[in-house]
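So the chains spell out like this:
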Amino acid sequence: MNRIIGIGNALTDLLVNLKNDDTLSRFGLRRGSMSLVDSKQLEQLEASVKDLPMAFSPGGSASNTIRALSQMGISCGYIGKVGRDKTGDIFGQSLSNCGIETHLLHGKSPSGRCISLISPDGERTMCTFLGAALEMQDKEITPELFSGYDCLYIEGYLVQDHRLITQAVRTAKSSGLQVAIDLASYNVVEENLEFLHKLIAGQVDILFANEQEATVFTGDSNPLESLDKIGKYCPLVVVKVGKHGAYIKHRGKVEHVGIVTSARRVDTTGAGDYYAAGFLAGLCRGLSMEQCGTIGAIVSGHVIEVVGPTIDDRRWTDVRKKIDEVVDGTFLL
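These notes cover the structure that comes with them. Only a predicted model underlies this, so the values are computations on that prediction, with no experimental measurement involved.

Details of the sheet that holds strand S7 (residues 112–118)
Part 1: Spatially, S3-S8-S7-S2-S4 is the arrangement adopted by the 5 strands of the open sheet, whose pairing is mixed. At either end of the open sheet lies a strand with only one pairing partner, and these are strand S3 (34–36) and strand S4 (54–59). Sheet twist, expressed as the average angle between the axes of neighbouring strands with direction ignored, equals 20 degrees.
Part 2: By the bridge criterion, 6 bridges tie strand S2 (residues 11–17) to S4 in an arrangement that is antiparallel. Looking at S4, one finds that valine 16 is bridged to methionine 54.

Some points on the nonpolar core
Part 1: The biggest cluster of nonpolar side chains holds 51 residues, and the ones touching the most others in it are Ile4, Leu69, Met72, Phe208 and Phe279.
Part 2: For this core, the element with the highest residue contribution is helix H10 (residues 271–284), accounting for 10 residues.
Part 3: The contacts of phenylalanine 279, once residues within four sequence positions are left out, are Phe208, Leu236, Val238, Ile248, Met289, Cys292, Gly293 and Gly296.

Describing the pattern of salt bridges
Note on pairing: side chains with opposite charge can pair once their charged atoms come close.
Part 1: One pass over the full model with this rule turns up 18 salt bridges.
Part 2: A salt bridge links lysine 240 to aspartate 182; the nearest nitrogen and oxygen atoms lie 3.8 Å apart. Pair noted here: lysine 240 is in strand S12 (residues 236–240) and aspartate 182 is in strand S10 (residues 178–182), with a separation of 58 residues, a long-range link. Of the two residues, lysine 240 and aspartate 182, both sit in the buried class.
Part 3: Put simply, aspartate 220 and lysine 229 hold a salt bridge, and the shortest N to O gap is 3.5 Å.
Part 4: A single salt-bridge network, built from bridges that share partners, covers Asp21, Arg31 and Asp121.

What to know about the packing of helix H11 (residues 289–303) against helix H12 (residues 313–328)
Part 1: At a closest axis distance of 10 Å, the pairing of H11 and H12 adopts a crossing angle of 165 degrees. The orientation of H11 relative to H12 falls into the category roughly antiparallel. Considering the relative orientation of H11 and H12, their crossing is right-handed. Residues Gln291, Thr294, Ile295, Ile298, Val299 and His302 of H11 touch H12, and the partners they reach there are Arg315, Trp316, Asp318, Val319, Lys322, Ile323, Val326 and Val327.

Digging into the sheet that holds strand S6 (residues 101–107)
Part 1: Taken together, 9 strands build an open sheet; the order of strands is S6-S5-S1-S9-S10-S11-S12-S13-S14 and the sheet is mixed. Edge strands, defined here as strands with exactly one partner in the open sheet, are S6 and strand S14 (253–257). Each neighbouring strand pair of the sheet contributes to a mean axis angle of 15 degrees, computed without reference to strand direction.
Part 2: Relative to strand S9 (residues 151–155), strand S1 (residues 3–7) runs parallel, the two sharing 4 bridges. Paired with isoleucine 4 across the strands is cysteine 151, a residue of S9.
Part 3: On the sheet, helix H8 (residues 211–218) packs against S10, strand S11 (206–210) and S12 and is oriented at approximately 110 degrees with respect to S11.
Part 4: The sheet strands contacting H11 are S12, strand S13 (246–250) and S14, and the helix crosses S14 at an angle near 35 degrees.

Considerations on the environment of glutamate 140
Part 1: In this fold, glutamate 140 is placed in the loop between strand S8 (124–129) and S9.
Part 2: With 35 residues separating them along the chain, glutamate 140 and serine 175 place their C-alpha atoms 16 Å apart.
Part 3: Those residues in contact with glutamate 140, other than ones at most four positions away along the chain, are Lys81, Leu105, Glu135 and Leu145.
Part 4: Within the structure, glutamate 140 has its side chain in polar contact with the backbone nitrogen of glutamine 137 (distance 2.8 Å).

Some words on the side chain of glutamate 213
Part 1: Relative to the elements of secondary structure, glutamate 213 occurs in helix H8.
Part 2: Despite its burial, glutamate 213 remains without a salt bridge, the nearest opposite charge being carried by lysine 240 at 5.3 Å.
Part 3: In this structure, glutamate 213 is in contact with Asp182, Leu183, Ala184, Ser185, Tyr186 and Val189, ignoring residues within four places of it in sequence.

Thoughts on the environment of glutamine 167
Part 1: As for its position among the elements, glutamine 167 is in helix H5 (residues 162–174).
Part 2: For the pair glutamine 167 and leucine 104, spaced 63 residues apart in sequence, the C-alpha to C-alpha distance is 17 Å.
Part 3: The contact partners of glutamine 167, leaving out residues within four places of it in the chain, are Asp138 and Ile141.

Regarding H8
Part 1: Considered for burial, the residues of H8 that qualify are Glu213, Ala214, Phe217 and Thr218. Looking down the long axis of H8, one finds its buried residues gathered within 115 degrees of arc, a one-sided arrangement.
Part 2: Looking at the buried side of H8, the elements it contacts are S10, helix H6 (186–191), helix H7 (193–200), S11, helix H9 (223–231) and S12.
Part 3: The N-cap residue of H8 is asparagine 210: its side-chain oxygen and the backbone nitrogen of glutamine 212 are 3.1 Å apart.

What about the pairing of S1?
Part 1: Burial analysis of S1 places 4 of its 5 residues in the buried class, the great majority of the element.
Part 2: In the sheet, S1 pairs with strand S5 (residues 75–83) via 5 bridges, with the strands oriented parallel. Of the residues in S5, the one forming a bridge with isoleucine 7 is isoleucine 79.

What counts and what doesn't
- Residues numbered from 1 in each chain as written.
- Predicted model: local features only at pLDDT ≥ 70, side-chain atom pairs only at ≥ 80, totals over all residues.
- Heavy atoms only, no water.
- Pairing = 2+ DSSP bridges.
- Helix = DSSP H or I, 4+ residues; strand = E, 2+ residues; numbered from the N terminus.
- Axes fitted to C-alpha atoms, helices over the stretch in contact; angles between N-to-C directions.
- Core = buried A, V, L, I, M, F, W, Y, C linked by side-chain atoms within 4.5 Å.
- Buried < 20%, exposed > 50% of the residue type's maximum accessible area, 1.4 Å probe, protein only.
- Contact = heavy atoms within 4.5 Å.
- Salt bridge = Lys/Arg side-chain N within 4 Å of Asp/Glu carboxyl O.
- Parallel < 35°, antiparallel > 145°, perpendicular 65-115°, else oblique.
- Left-handed = near helix turned anticlockwise from the far one by under 90°.
- Polar contact = N/O pair within 3.5 Å; in protein donor to acceptor, adjacent residues only side chain to side chain.
- Lys, Arg positive; Asp, Glu negative; His and termini not counted.
- Arc of directions from axis to C-beta.

This is how it looks when you write it as structure tokens:
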């Protein structure tokens, strides 16, 4: 596996640092969840947090993963839909600046936005206005998009559009690609459970989930039991278990990889996206499961030290140095 193309909701993130969780209670938001909102709800939410510290960042789960992969030297592409507006132009340019091959479609609605509400402990709760991203259609996913790629990476938020994801997976598989998916959010798994079970059985090659998502998917609160159940349908499964690291099952073998201790947990936005990027980068380099998991832990450990899903050049230099140490066997967790 050498080249990866991602598909996801093309979004720009508004990152808001909350003083407490009162805003979540006021709007009936479940802590750590992702909720879809319409334009009116978006305006109300923006008005309620306008006096709090905030920042803008290119976002979208698959976009975060693909941008991180490109920083680790992996050739990447991205499929998404934006509006014909400045926000969409900036989103596309942020990908191009990373050397990513963009396949951006254009819709009639404004470009999508996501308000990421960051609790004092770093947990993030997301409210997403999909806008033009919602207009991406299954008929727009053609074999030509996958030419020259080895793997399709799907963000779990897209599974709410069953026809789109079915078409994407079917087309990618018929084009000879592996398929990887991140389950993204426990409430999305809850709402699409039957579809996800059918999708993953025999069609998905690599699956990423956190402990909560795996529990909802399998009905089993034990992460190792969840790993075993999912592993019956998917060749490579990664279940992340927070401060305890991650469990990986590949070809019947189970491994545990710890975390890389963070200096300070500031914001978990993008942590799962970056873990997937690090793991996939390891796969592209032909590394062992333990090495792939370690790189995932390194990359996610860096992104939670900053606000938003973008880390600076200095941090990337440190990440690349540590990846080299993982490859030559000198890195210690």
